[in-house]
Amino acid sequence: MSCQNIIICFRLNLGEASEKVQNFWNDWQLRVLVLLSLSLQLSLLYCGRRRRFKVEARIHIFLWFCYLVADSVATVALGVISSKQGNSSSHNGTDSGVQNDLRAFWAPFMLLHLGGQDTITAYAVQDNDLWLRHLLRLLAQSGVVMYILRTSWKGNWLSILSILMFLAGVIKYAERIWVMRSANRTPKFDGQYDKYGGQDNFPTFRPLFLNKKIAFTFLRHSSEIFRKHGFQKAFKNIEIELGHAYDAFYTKIPLFFTNWGCFFRVISFSFTFSTSVVFLIMEWQKDKQFDLIVTYTLLGGAVLLEIYAGIFLLRSDVGRVYLAGIIRIEKLCPIIRWSKSMGQFNMLKFCMKNKPRIAQQGIPKVFAHLIVWFFNSLLPKLRKELAMHFYKTNKISDALECLVWETLKRKSYPDSRGFSEDYNSYILKVDGVDANTKVEIYQSIIIWHIVTDLCLHTDTDNDKNVIPPEMEVEIKVGMPPEMDDGINVGIPIMDDEINVDHEKKKMIKVVSDYMMYILVLCPFMLSTGNAEFSFEKACEHVKKALENCTDSSMSPSVCETIISCVSTQGQVMLQKDDVDRTDSNLLYYAVMVAKHLRTNERKWEILTRFWIENLAYVAVLCQGKNHAKQLLKGGEFLTHVWFLIAHLDLEENFRMPLTVPQQEQQMPAV
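The structure displayed is predicted, hence computed values, not measured ones. (Residues numbered from 1 in each chain as written. Predicted model: local features only at pLDDT ≥ 70, side-chain atom pairs only at ≥ 80, totals over all residues. Heavy atoms only, no water.)

Caption draft 1: Expanded view of the overall build of the protein. What the protein contains, in helices and strands, is 27 helices and 2 strands. Taken over 670 residues, the protein has a buried fraction of 52%. In the protein, 82% of the contacts between residues at least 6 apart in sequence involve partners at least 24 apart. Carbon and sulfur atoms provide 58% of the accessible area of the protein, an area that totals close to 32,400 Å². (Helix = DSSP H or I, 4+ residues; strand = E, 2+ residues; numbered from the N terminus. Buried < 20%, exposed > 50% of the residue type's maximum accessible area, 1.4 Å probe, protein only. Contact = heavy atoms within 4.5 Å. Areas by Shrake-Rupley, 256 points an atom, 1.4 Å probe, with all protein chains shown as cover.)

Right, here's the structure in full:
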């Protein structure tokens, strides 16, 4: 056989193979798309419920992918069905006609999928602003489905079932649009407090999430009631109300406890269930076996989604109120409303992991430069990006909740101030600091975060105050006694004073790392300034101070190295690229304040007071929409503190950080 004949045979075989692949894809692409669409909806239904109390990055990344892809897959599937129906006139065989009629029956299911799931109507709070886009998509895709049903209309029982599923899909999509439109609108107050079973005033406080104010009479009513609560009941009520906030912004729950919502849900479920039953009874077996299996799968999936959604609605907080007189569902199905955890980020540990590495001696110069570039430039950026998604968390203890609640409660009484003292005065009285120096809140967080670490790790009593994990006793929270200046209010009552100090230090550390987590990973919640630039400048100076440090983990020697290096170098001169001189001296200010506090017997009281009061200040500083944004990530403790402050009518107390001038006392030169 000549070479030319071999080439011709190869081309013929290649053409036949290509044609077979194309025919296979044309035959299976629609099946793959509709099954993929159903799989995505099931994933959204399951993960959409879990994200309200899960902080794991993998769940949120997977849910984000499903949410973005789901609508596109359903839309493409509708396009493929429409294309095949347009070409159906070329098929003369009975089997082909039956196949096209059955596949046309799949079109309403894609419209049903476009309506989304009850557990997630929007991935982010900003998606609710796109309700008008979804309305236009509903009109367009409804037109496509009507075209498909018109071209496949036979006037038989399958055509009637297609109409029923089409109506169910329109209702489902309309529900999603209505909820998205209502999410960013303030409902009219009907004059009724405790609307949901005597423990929920969310309708009253909902305008706060839209950056709007609420009437003074509402605030006065709430504060009078809340002052009488203990910390557990107060946080429980806030947890329930924020659960309603999540439902209002991200789910369909608010719709189904209205008369129209219940009516249309019954109609859509009836259409879906009756269609499934009739199709199963008729058992249309003339089609290809696999297409029949796909149809059964779509019908079963639709019924399953409706049943699961109904259970989800009944298990919600509002559903529990309606079922309270029928069944004690709280004991049968306890609800998890949020993660009850705090993100943790420690700047000094972060800088130690990202210390500049020195290339090893004796290797080629090119490789030495590559190693320096990798460790000094690329690796720190990669680690920072990973830290954005894979940060550590710490469970919120009852002791911390009690401390926050009692501190805020004391400040809710007349003539009480939000801040006990002017904490910036500790910085302004450092030797050589200009009296006109302005310290922003994000700069103050960085400074006092470093101060906290330096004080904790260099404390002379640190060894005897640390309790080994195996020796740690269970902490029982009791009613706190009146203590000095309110700073110890909320600390659990213990016989051993060392345990009290240890618990106080632990809470200081947790809140300090949590505030740095807010600054680094959620800077939008600060609503002011350039926190990222200040953080990078502070990290730059910390790394320089640790250049010659050989330790790989936090220890007293590391802190002493930082203190010694900074004390020797003094203040940093303003560079050409520096916008604010304070940013260049954040580490210097922190070291000087830490050196002063180390000699102060009340340092733990000062640090506790600073972090709790500034936690409240940042909570008020954050806009309501940003608080709503964090609800989808398992919730933020900062949001719970913000809602507590709103219920106690304390927002004005924490508007300005410098409310109480510190008594004149000269800081010794350090």
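On we go from here.
Caption draft 2: Layout of the side chain of Ser152. Relative to the elements of secondary structure, Ser152 occurs in the loop between α5 (131-151) and α6 (157-183). The residues touching Ser152, leaving out its near neighbours within four places in the chain, are Gln85, Asp101, Ala104 and Ser159.

Caption draft 3: Fine view of the packing of helix α18 (residues 441-457) against helix α25 (residues 603-621). Where α18 contacts α25, the axes come no closer than 11 Å and their chain directions differ by 150 degrees. Viewed along their axes, α18 and α25 adopt a mutual orientation that is roughly antiparallel. Seen along the crossing, α18 lies across α25 with a hand that is left-handed. Where α18 abuts α25, its residues Ile441, Ser444, Ile445, Trp448, His449, Val451, Thr452, Cys455 and Leu456 lie against Trp604, Ile606, Leu607, Phe610, Trp611, Asn614, Tyr617, Val618 and Leu621. (Axes fitted to C-alpha atoms, helices over the stretch in contact; angles between N-to-C directions. Parallel < 35°, antiparallel > 145°, perpendicular 65-115°, else oblique. Left-handed = near helix turned anticlockwise from the far one by under 90°.)

Caption draft 4: Geometry of the nonpolar core. Grouped together as the largest cluster of nonpolar side chains are 171 residues, with contacts concentrated most on Trp448 and Phe637. Setting aside its immediate chain neighbours within four residues, Trp448 contacts Tyr423, Tyr426, Ile427, Val593, Leu597, Ile606, Leu607, Phe610 and Trp611. With 6 residues, the next largest nonpolar core counts Val179, Ile253, Phe312 and Leu313 among its residues. (Core = buried A, V, L, I, M, F, W, Y, C linked by side-chain atoms within 4.5 Å.)

Caption draft 5: The pattern of salt bridges, seen in detail. A full pass over the atoms with the stated rule returns 25 salt bridges. Residues Lys544 and Glu540 are paired through a salt bridge, measuring 3.6 Å at the closest nitrogen-oxygen approach. With Lys544 and Glu540 both in helix α21 (residues 531-545), this residue pair falls 4 residues apart, about one helical turn. For Lys544, a relative accessible area of 46% gives the class partly exposed. The partly exposed category is assigned to Glu540, whose relative accessible area is 34%. Connected through salt bridges with shared partners, the residues Asp118, Lys172, Glu175, Lys252, Arg265 and Glu306 form a single ionic network. (Salt bridge = Lys/Arg side-chain N within 4 Å of Asp/Glu carboxyl O.)

Caption draft 6: Quick look at α18. Under the 1.5 Å per step criterion, the end-to-end length of α18 is 24 Å for 17 residues, consistent within 8% with the ideal 24 Å. Counting buried residues in α18 gives 16 out of 17 residues, a clear majority hidden from the surface. (Expected span 1.5 Å × (residues − 1).)

Caption draft 7: Geometry of the packing of aromatic side chains. Tallied over the entire structure, the rule returns 31 aromatic pairs. The interplanar angle of 45 degrees and the centroid separation of 5.3 Å between the aromatic rings of Tyr246 and Tyr250 together place this pair among those described as tilted. Separated by 4 residues within a single helix, Tyr246 and Tyr250 lie in helix α9 (residues 231-250), roughly one turn from each other. Classification of Tyr246 by relative accessible area gives buried; the value is 3%. Taking the centre distance of 5.5 Å and the plane angle of 80 degrees together, the rings of Phe279 and Tyr296 count as edge-to-face. Taken as a pair, Phe279 in helix α10 (residues 259-282) and Tyr296 in helix α11 (residues 289-315) lie far apart in primary sequence, 17 residues in all. Three or more aromatic residues joined by ring pairs make a cluster, and in this case those are Phe205, Phe209, Tyr246, Phe249, Tyr250, Trp642 and Phe643. The ring of Trp28 has Arg31 lying over it, and the distance from NZ or CZ to the ring centre is 4.6 Å. (Phe/Tyr/Trp six-rings, centres within 6.5 Å; stacked < 30°, edge-to-face > 60°. Lys NZ or Arg CZ within 6 Å of the ring centre and 35° of its normal.)

Caption draft 8: Highlighting helix α27 (residues 637-647). Within α27, 11 of the 11 residues are buried, which leaves the element mostly enclosed by the surrounding structure. Every buried residue of α27 is listed here: Phe637, Leu638, Thr639, His640, Val641, Trp642, Phe643, Leu644, Ile645, Ala646 and His647. Of the residues flanking the end of α27, it is Asp649, one or two places downstream, whose phi is positive at about 55 degrees.

Caption draft 9: Here's a closer look at unusual backbone geometry. You will see that Asn211, though not glycine, has its phi angle at about 60 degrees, which is positive. Considering the arrangement of structural elements, one finds Asn211 in the loop between α7 (202-205) and α8 (216-226). Look at Asn211 and you get partly exposed, because its relative accessible area is 41%. The residue Lys340 is not glycine, and still its phi comes out positive at about 50 degrees. Relative to the elements of secondary structure, Lys340 occurs in the loop between α13 (329-332) and β1 (341-344).

Caption draft 10: Expanded view of the packing of α9 against helix α16 (residues 398-411). Put simply, α9 and α16 touch, their axes get as near as 9 Å, and they point 90 degrees apart. When the axis of α9 is compared with that of α16, the two are roughly perpendicular. Of the residues in α16, those touching α9 at Phe231, Gln232, Ala234 and Phe235 are Asp398, Glu401, Cys402, Val404 and Trp405. For the contact of α9 with α16, a count of residues per class yields 6 nonpolar, 1 polar and 2 charged. (Nonpolar A, V, L, I, M, F, W, Y, C, P; charged D, E, K, R; others polar.)

Caption draft 11: Quick peek at a nonpolar patch on the surface. On the surface, Phe273, Val277, Val278, Ile281 and Met282 cluster together into a nonpolar patch covering about 440 Å² of accessible area. Structurally, the position occupied by Phe273 is in helix α10. According to the relative accessible area criterion, Phe273 is partly exposed, its value standing at 43%. (Patch = residues over 30% accessible without salt bridge, like charges linked within 9 Å, V, L, I, M, F, W, Y side chains within 5 Å.)

Caption draft 12: Structural view of the confidence of the model for the protein. In the predicted model, the protein carries a mean pLDDT of 79, and 74% of its residues have values of at least 70. This model gives residues 463-498 a pLDDT under 50, and the stretch forms 60 contacts once residues within four places in sequence are excluded. Predicted confidence for residues 657-670 stays below pLDDT 50, and this span has 29 contacts to residues more than four positions away or in other chains. (pLDDT = per-residue confidence, 0-100.)

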